[in-house]
Amino acid sequence: MSEPGADGPFDVGFGFMESRALAVAVEFGVFEELASEPLELGLLADRTGVDDRGAADFFDALVALDLLDREDGVYSLAGAAERYLDPDGGAYAGDFLAFAGTSIYGSWAGLDDALRTGEPQTGAPDPGEGDAYDLVADDEDASRRSTTR
């Protein structure tokens, strides 16, 4: 019998792996390619620029995360990925996830330094000197990535 809630610390401790896999899949256009049509491993790897060496493990990790389905070696979008990660879908959130995977992820990587030094990690102004979200709004590329279509 396992200890109640014993997986919690491990789920949290290794959650960055899931987050990073999602961000990289968005960056590489995995969901965009599969929104058009289901693809077999080799073709999906070719279209997304994923090297053959890690392709099966990477795409199967996305299957394990319930972002992709795989049937008879053919990958397709799964569940919520169809709704939120298809660039032509009405609820597309891929740009925001890409923004989170690059801009926000890096800031959180420096959490220990921020807590130790008190220095901001995002480039945001100090409290009272402006709104951090204004930085995104003023940066056209960052603003585009942080909003849904």
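Predicted model only: the values in this text are computed from it and were never measured. (Residues numbered from 1 in each chain as written. Predicted model: local features only at pLDDT ≥ 70, side-chain atom pairs only at ≥ 80, totals over all residues. Heavy atoms only, no water.)

*Asks:* Please give an account of the pairing of strand 3 (residues 74-77) that cites residues and values.
*Replies:* For strand 1 (residues 39-40) and strand 3, the ladder comprises 2 bridges, and the chain directions are antiparallel. By the bridge assignment for strand 3, Leu 39 is matched with Tyr 75. In this sheet, strand 3 lies alongside strand 2 (residues 68-71) in antiparallel orientation, the contact comprising 4 bridges. Residue pairing in the sheet places Asp 69 in a bridge with Ser 76 of strand 3. From the end of strand 2 to the start of strand 3, which pair antiparallel, there are 2 residues, and Asp 72 there has a positive phi angle of about 55°. (Pairing = 2+ DSSP bridges. Helix = DSSP H or I, 4+ residues; strand = E, 2+ residues; numbered from the N terminus.)

*Asks:* Got a sec to walk through the pattern of salt bridges? Specific residues and values, please.
*Replies:* Close approach of charged atoms allows side chains of opposite charge to pair. Tallied over the full model, the rule gives 4 salt bridges. In this structure, Glu 33 engages Arg 47 in a salt bridge whose closest nitrogen and oxygen atoms are separated by 3.7 Å. Of the two residues, Glu 33 is situated in helix 3 (residues 30-36) and Arg 47 in helix 4 (residues 41-48); the sequence distance between them amounts to 14 residues. Residue classification places Arg 47 among the partly exposed residues on the basis of a relative accessible area of 37%. (Salt bridge = Lys/Arg side-chain N within 4 Å of Asp/Glu carboxyl O. Buried < 20%, exposed > 50% of the residue type's maximum accessible area, 1.4 Å probe, protein only.)

*Asks:* Mind laying out the environment of Ala 56, listing which residues take part and the relevant values?
*Replies:* Residue placement: Ala 56 occurs in helix 5 (residues 52-64). Residue Ala 56 is classed as partly exposed on the basis of its relative accessible area of 28%. Between the C-alpha atoms of Ala 56 and Gly 42, which are 14 residues apart in sequence, the distance is 8.9 Å.

*Asks:* How would you sum up the sheet that holds strand 2? Please name residues and give values.
*Replies:* Strand order across the open sheet formed by 3 strands is 1-3-2, with antiparallel pairing between neighbours. Edge positions in the sheet fall to strand 1 and strand 2, since each has one partner strand and no second.

*Asks:* I'd like a description of helix 7 (residues 94-109), backed by residues and values.
*Replies:* For helix 7, built from 16 residues, the straight-helix expectation of 22 Å at 1.5 Å per residue is met to within 8% by its first-to-last C-alpha distance of 21 Å. Of all bends in helix 7, the biggest is about 35°, found at Ala 100. Turning to helix 7, its buried residues are Gly 94, Asp 95, Phe 99, Gly 101 and Ser 107. (Expected span 1.5 Å × (residues − 1). Bend = angle between axes of the 7 residues up to and from the residue.)

*Asks:* I'd like to hear about the side chain of Thr 48, residue by residue, with values.
*Replies:* Among the structural elements, Thr 48 can be located in helix 4. Here Leu 44 takes part through its backbone oxygen, which lies 2.7 Å from a polar atom of the side chain of Thr 48. Every residue in contact with Thr 48, bar those within four places of it in the chain, is listed here: Phe 28, Gly 29, Val 30, Glu 33 and Phe 59. (Polar contact = N/O pair within 3.5 Å; in protein donor to acceptor, adjacent residues only side chain to side chain. Contact = heavy atoms within 4.5 Å.)

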